[in-house]
Amino acid sequence: MSKPVVLIAEELSPATVEALGPDFEVRNANGADRAELISAIADVDAILVRSATKVDEEALAAAKNLKIVARAGVGLDNVDVKAATQAGVMVVNAPTSNIVSAAELAVGLMLAAARNISPGHAGLRNGEWKRSKYTGIELYEKTVGIVGLGRIGVLVAQRLSAFGMQVIAYDPYVQAGRAAQMGVRLVDLETLLAESDFMSVHLPKTPETIGLIGQDELAQAKSNLVLVNAARGGIVDEGALYAALKEGRIAGAGLDVFAKEPCTDSPLFELESVVATPHLGASTDEAQEKAGIAVAKSVRLALSGELVPDAVNVQGGVIAEDVRPGIPLTEKLGRVFTALAGEAAQQIDVEVRGEITEYDVKVLELAALKGVFSDIVEDAVSYVNAPLLAAERGTEVRLIAEQESPDHRNLITIRGTLADGSQVSVSGTLVGLAQKERLVEVNGFDVDIEPTDHLAFLRYVDRPGMVGTLGRILGDADVNIAGMQVARAGKGGQALVALSVDSEIPAQTLAEIEKAIEAQSVRAVDLG
């Protein structure tokens, strides 16, 4: 079989190719050259880019085999995520690759502005020795206000706490208790502006945050405020900032980002109280290497049909650590469901009950659909195309999350309605400190069996001798039983045997069992 083709469209860290490994054919192209890109992308399975390659509707249309676009960085301004989603193409980035670098730059800008490092350096280059002119201020025992207590904001808060600063923060999406655990006091924006000697912005750029720090906000600040923005341009109104600095209403600023970039001509650059850099937040060897390795790993996962946590166009958001162990279990439940159903369901309910419903469990719906369709379609099923496959087949899907779970700490059930109105269901849970997977319900029968690589489910009328007959036939076929669970509705009524075996059960053996015990249904599933 030919190897999947990965196109590297910009210069990336050598570690990126190493992280891809030997399982791919790696090609290179100049993604900034439009004609070369359109030609090169035609038959590739994945493309890795930075910021110069524009992956838009035209490029996606030309890429007939494309399954994933990987951006080795954070921003996605050069990738049409909506068009990619419509085309069933996964988009991933490396959201944590630059967080340390960005945090360190923010601290560096703060120190540089506080100690007049930039004008002092420029003065020396011009032959001037002006010690008294560039007297600065210490960070020690000052109050710093962090605007946005996300991943980078938290790192900045930790580092500035080590400087002996009092840290306050504004973030309406963070609980006060979480902030308090980090030694940070949450306040509203007005209080932060009034109390801060230093301020560092760490917010995403959204319609709500554009111009958040403007003329009115700067009017509330202390006259000695040093403001740092190493997040996104436009959050701080540059015109209002220039006026406040020019008029001495605040003391200084450190800027790495601007409303329009590249920015080489700004009134702010004329002020000695401003230290500025050309968007260097992610520009470290370490950040670039981390980004390349991260997206290479995402490409490997995506092309093998696995869950990609950094996919930006897969619904489910951030996956909580308590939810992650349930993902492989749910995918297995989906495959068991398909084996039991024997056909595509008209409606599927993914029911999640218990403590994990405190978190976003949307990813479990995707895992269920991936499992359901993995043994139905020929193409690889991923967390991007599984919902599309369901829609194409007219299968309605619902996610039901209920905190109440009477019998298990957490319980995941896939329940579906078939064309004839009958229902199929399978449930599973995780037990013990090791979070071991268990099947606990099949079509209304209570069971307790490990979902090993080879499973079988037999339904028949309860009567003596059936288990012995089953064991004899499997023994004759040299199939070893690893686990068995017999459940029944009542004496002489419907019974179900759930089997885990060490090897695949041959089709002729299944047929022999079906005849010998007069089974109403025999279903086998191989999860290996």
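Quick note: structure is the one above.
A.B. asks: Would you take a moment to explain the overall build of the protein for this structure?
C.D. replies: On a plain count of helices and strands, the protein comes out with 17 helices and 22 strands. Projected onto its principal axes, the C-alpha coordinates of the protein cover approximately 100 × 55 × 35 Å. Here the protein, with 528 residues, has 48% of them falling under the buried criterion. Residue pairs at least 24 apart in sequence account for 63% of intrachain contacts in the protein once pairs closer than 6 positions are excluded. Counting every atom, the protein has about 25,300 Å² of accessible surface; 48% of that belongs to carbon and sulfur. Averaging the locations of the 47 positively and 73 negatively charged side chains of the protein gives two centres separated by 2 Å.

A.B. asks: How should I be thinking about a negative patch on the surface in this particular structure?
C.D. replies: Together, E18, E104, D285, E286 and E289 line one region of the surface with negative charge. If you trace the backbone, E289 turns up in helix α12 (residues 285-303). The class of E289 is partly exposed, set by a relative accessible area of 39%.

A.B. asks: Explain the pairing of strand β17 (residues 436-442) here, please?
C.D. replies: It is a general feature of regular strands that their side chains alternate between the two faces of the sheet. Within β17, five of the seven residues are buried, leaving the element largely enclosed by the surrounding structure. Across six bridges, the pairing between strand β16 (residues 423-431) and β17 is antiparallel. Note that in β17 the partner of V431 across the bridge is K436. In this structure, β17 lies alongside strand β18 (residues 445-449), joined through three bridges in antiparallel fashion. Residue pairing for β18: E441 is matched across the bridge by D446.

A.B. asks: Hey, could you run me through a nonpolar patch on the surface in this one?
C.D. replies: Taken together, the side chains of V467, M484 and V486 define a hydrophobic patch exposed on the protein surface, amounting to about 210 Å² of accessible area. Structurally, V467 is set in helix α16 (residues 466-476). Given the relative accessible area of 38%, V467 is considered partly exposed.

A.B. asks: Looking at this structure, I do not really get the environment of G31. What am I missing?
C.D. replies: Within the secondary structure, G31 is located in the loop between β2 (25-28) and α2 (34-40). For G31, a relative accessible area of 4% gives the class buried. The spatial distance from the C-alpha of G31 to the C-alpha of P95 is 22 Å, given a sequence separation of 64 residues.

A.B. asks: How should helix α11 (residues 238-246) be read in this particular structure?
C.D. replies: Residues spaced three or four apart along an α-helix face the same direction, because each turn holds 3.6 residues. Burial in α11 covers these residues: A240, L241, A244 and L245. Down the axis of α11, the buried set is contained in an arc of 130°. They therefore lie on one face. Where α11 is buried, its residues meet α10 (215-219), β11 (252-255) and β12 (274-276). Where α11 starts, the residue carrying a side-chain oxygen 3.0 Å from the main-chain nitrogen of G239 turns out to be D237.

A.B. asks: Sorry, what's going on with the sheet that holds β2 here?
C.D. replies: Note: strands within a sheet are paired through backbone hydrogen bonds, in either parallel or antiparallel orientation. An order of β2-β1-β3-β4-β5 is seen for the five strands of this open sheet, with the pairing classed as parallel. The open sheet terminates on both sides in strands that have one partner only, identified here as β2 and β5 (90-92). Neighbour-to-neighbour, the strand axes of this sheet turn through a mean angle of 20°, independent of strand direction. As defined by bridge partners, strand β1 (residues 5-8) adjoins strand β3 (residues 46-49) across three bridges and the pair is classed as parallel. Within the sheet, the bridge partner assigned to I8 lies in β3 and is L48. Against the sheet, α12 engages β1, β3, β4 (68-71) and β5, with an angle of about 170° to β4.

A.B. asks: I would appreciate a short explanation of the nonpolar core in the present structure.
C.D. replies: One broad rule of soluble globular proteins: the nonpolar side chains tend to lie buried together. Ranked by internal contacts, the top residues of the largest apolar core, which has 48 residues, are F337, L364, V426, L439 and F457. Ignoring sequence-local partners within four residues, the contact set of L364 consists of V323, G326, I327, T330, V350, V352, I356 and I412. Counting 30 residues, the second largest nonpolar core, distinct from the first, contains I99, A103, M165 and A230.

A.B. asks: Honestly, the environment of G326 in this entry has me stumped. Any pointers?
C.D. replies: Position of G326 relative to the elements: it lies in helix α13 (residues 326-341). On the basis of relative accessible area, G326 is assigned to the buried category, the value being 4%. Counting along the chain gives 86 residues from G326 to I412, while the straight-line C-alpha distance between them is 8.2 Å. Filtering out sequence-adjacent residues up to four positions away, G326 remains in contact with L364, I412 and L430.

A.B. asks: Hey, could you run me through the sheet that holds strand β22 (residues 521-526) in this one?
C.D. replies: With respect to topology, four strands assemble into an open sheet ordered β20-β21-β19-β22, the strand pairing being antiparallel. At either margin of the open sheet sits one strand with a lone partner, and together these are β20 (481-488) and β22. Across the sheet, the mean angle separating the axes of adjacent strands is 15° when strand polarity is ignored. Taken together, the eight bridges between strand β19 (residues 454-461) and strand β21 (residues 494-501) define a ladder with antiparallel strand orientation. Note that in β21 the partner of V461 across the bridge is Q494. The strands that α13 touches are β19 and β22; relative to β22, the one it contacts most, it runs at about 150°. Docked against the sheet, α16 engages β19, β20 and β21, running at close to 155° with respect to β20.

A.B. asks: Help me understand the pairing of β4, please; the structure alone is not making it clear to me.
C.D. replies: The alternating pattern of β4 places I68 and A70 on one face and V69 and R71 on the opposite face, and all of these are buried. Of the crossover connections in this fold, the one passing from β3 over helix α3 (residues 57-62) to the parallel β4 is right-handed. The pairing of β4 with β5 spans three bridges and is parallel. Following the sheet pairing, I68 is matched in β5 by M90.

A.B. asks: Is there a simple way to explain the pattern of salt bridges in this structure?
C.D. replies: Side chains that differ in sign of charge can pair as their charged atoms come close. Within the structure shown, the criterion is met by 22 salt bridges. Linking D45 and K67 is a salt bridge whose minimum nitrogen-to-oxygen distance equals 2.7 Å. Remark: K67 occurs in the loop between α3 and β4 and D45 occurs in the loop between α2 and β3; sequence separation between them is 22 residues. Note that D197 is salt-bridged to K222, the shortest N-O span being 3.0 Å. Taken together, the positions of D197 in the loop between α9 (189-195) and β9 (198-201) and K222 in the loop between α10 and β10 (226-229) put the pair 25 residues apart, joining distant regions of the chain. Put simply, E25, R27 and D43 are held in one network by salt bridges that share partners.

The rules behind these values
Counting restarts for each chain: residues are numbered from 1 in the order of the written sequence. Two thresholds apply to this predicted model, a pLDDT of at least 70 for residue-level local features and 80 or more for giving and counting side-chain atom pairs, whereas whole-chain, interface and lining totals are computed over all residues. Only hydrogens and water are set aside when side-chain values are computed; all heavy atoms of the structure are taken into account. Helix and strand assignments come from DSSP, with helices taken as H or I runs of at least 4 residues and strands as E runs of at least 2, each series counted from the N terminus. Burial classification: accessible surface area is computed with a 1.4 Å probe over protein chains only, and a residue below 20% of its type maximum counts as buried, one above 50% as exposed, and the rest as partly exposed. Only heavy atoms enter the contact rule, under which two residues are in contact if any of them lie within 4.5 Å. Surface accessibility in these figures is a Shrake-Rupley result with a 1.4 Å probe; residues are shielded only by whichever protein chains are displayed. Charged residues are defined here as Lys and Arg on the positive side and Asp and Glu on the negative side; His and the ends of the chain fall outside this count. We put the charge of a Lys on NZ, of an Arg on CZ, of an Asp on CG and of a Glu on CD. Exposure above 30% relative accessible area and the absence of a salt bridge qualify a residue for a patch, where like charges join within 9 Å and nonpolar side chains (Val, Leu, Ile, Met, Phe, Trp, Tyr) within 5 Å. When a carboxyl oxygen of Asp or Glu is within 4 Å of a side-chain nitrogen of Lys or Arg, the pair counts as a salt bridge. In this scheme, strands are said to pair when DSSP sees at least two bridges between them. In this context, the arc is that of the directions from the helix axis out to the C-beta atoms. N or O atoms closer than or at 3.5 Å make up a polar contact, with two conditions inside protein: a donor-capable atom paired with an acceptor-capable one, and, for residues adjacent in sequence, both atoms drawn from side chains. Every axis in this analysis is a line fitted to C-alpha atoms, fitted for helices over the stretch in contact. Angles between the N-to-C directions lie between 0 and 180 degrees. Only buried residues count toward a nonpolar core. Its members are Ala, Val, Leu, Ile, Met, Phe, Trp, Tyr and Cys residues joined through side-chain atoms within 4.5 Å. Handedness rule for crossovers: strands pointing away from the viewer, path from the first strand over the helix to the second running clockwise, crossover right-handed.

Shape is all these values report; function is a separate question.
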